[in-house]
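Overview (structure and organization)
The primary structure of each chain is shown beneath.
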Amino acid sequence: MPEKEILKMYQSAEETTEPEIVQINGTIPEWLEGNFLQIGPAKWELDNGQFTLNHMIDGFSMISKFSIDSSKQEVLFEKKFLQSDAYKRALVAKRPVFTEFGTQSYPDPGKSFFSKMISACLPIELSDNNTENLFQLGNEVFATSETCYFRSIDPCSLTSGEKYDSNKCFGLNVDSPHPITDENGVTWQMGNTFMTGLKYNIVKIPPLLPNQSVKDMMKKSKIITSINSSWTGMMSYSHQAFTLTKNYIIFIEQVTN
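Residues numbered from 1 in each chain as written. Predicted model: local features only at pLDDT ≥ 70, side-chain atom pairs only at ≥ 80, totals over all residues. Heavy atoms only, no water.

Applying the stated criterion across every chain yields a total of eight salt bridges. Asp85 serves as the salt-bridge partner of Lys163, at 2.7 Å between the closest nitrogen and oxygen. One end of the pair, Lys163, is in strand S10 (residues 160–165); the other, Asp85, is in helix H2 (residues 85–93), with 78 residues separating them in the sequence. Judged by relative accessible area, which is 30%, Lys163 ranks as partly exposed. The class for Asp85 is partly exposed, based on a relative accessible area of 23%. (Salt bridge = Lys/Arg side-chain N within 4 Å of Asp/Glu carboxyl O. Helix = DSSP H or I, 4+ residues; strand = E, 2+ residues; numbered from the N terminus. Buried < 20%, exposed > 50% of the residue type's maximum accessible area, 1.4 Å probe, protein only.)

Next up, the structure:
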C-alpha cells in the first residue's frame, strides 16, 4: 500500500451532525436491508494537535453505521465517538489519563494530589477506550476491547450507554474482545485471571429468555473451566486464540514473545 494511503488511516475523524447519503455504484439487492455497524480508532490528536497518541489502536473509538434501504436504493452513513471515560477525560486533560497500548498516561487534573500519587505508584486503572469489536448479547449491542470494560451501544442513535466490568460480571480480570454465540443462543467468552495464579477461563452465558434482561443473562453466567498457564510468570496472548466446534472449545496457548 502506498505511504500516502497508509497515512490516511491515521487521520483523525469528526462526528457527523446528520446522516450522509453514500454514493452507490451498481444496484443494492432486494434482500439487503438493515444497519451495518463498525468500530475502530479515529482520533489520535489532542490539544489542537499538540499531542499525538503513539499507536494506531490507541486512537479514541468511533462507531460508524451504514443504514441500507434497498427499496429506496439508498445507504445513509453516520458516525459518533464512543463516550468512554478515557475519551471524555482526555478531552479535558488534553492528554490520555489512562495508559493505552502504546501511550503512557498523564496525570488527571480532575484528581486530588493524593489520588494522583496513588495512580502514579499503582497504575491499576484500565482504559475503557473500546476500539476493537462490537458484539451482541441478547438484544443489546456492546463495544469492547482487551481490558475488563465493555459498554452498551444504541445501534439506532449510536449513543453510548452503561459501562460494564468483566470482573463483576464474569469474574475475569481481562477478557477477549471476540465472544462467540452458538446456534443455541449461548454466548461463550474467554478471559484471564491473575489473583489466584495465572489462568485462562471459559465463561458460559445462557441465552436470553422471555421477560429477561441482558443483566439477568450476565448474572447467570459462570466459569465452566479454568486452565493454568504453562509458564510461571507469563501468559499466552489468548484473546484471539479460542473458537468453537459443534462439540469442543478450542484454545491455542501461543507463546507471546
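Quick look at H2 now. Along H2, the positions that sit buried rather than exposed are Ala86, Tyr87, Ala90 and Ala93. Along the axis of H2, the buried positions cluster into a sector of 140°, meaning they face one direction only. Close packing links the buried residues of H2 with strand S2 (34–43), strand S3 (45–46), strand S5 (60–69) and strand S6 (74–81). Positioned one or two residues after H2, Lys94 has a phi angle of 65°, which is positive. (Arc of directions from axis to C-beta. Contact = heavy atoms within 4.5 Å.)

What holds strands together in a sheet is hydrogen bonding between their backbones, with the strands either parallel or antiparallel. Read from one edge of the open sheet, four strands run S7-S8-S9-S10, paired in antiparallel fashion. Each edge of the open sheet carries a strand with a single partner, namely strand S7 (133–137) and S10. Strand-to-strand twist in this sheet, taken as the mean axis angle between neighbours without regard to direction, amounts to 35°. When strand S9 (residues 149–153) meets S10, the two strands line up antiparallel, connected through four bridges. Across the sheet, Phe150 pairs through a bridge with Tyr164, a residue of S10. (Pairing = 2+ DSSP bridges. Axes fitted to C-alpha atoms, helices over the stretch in contact; angles between N-to-C directions.)

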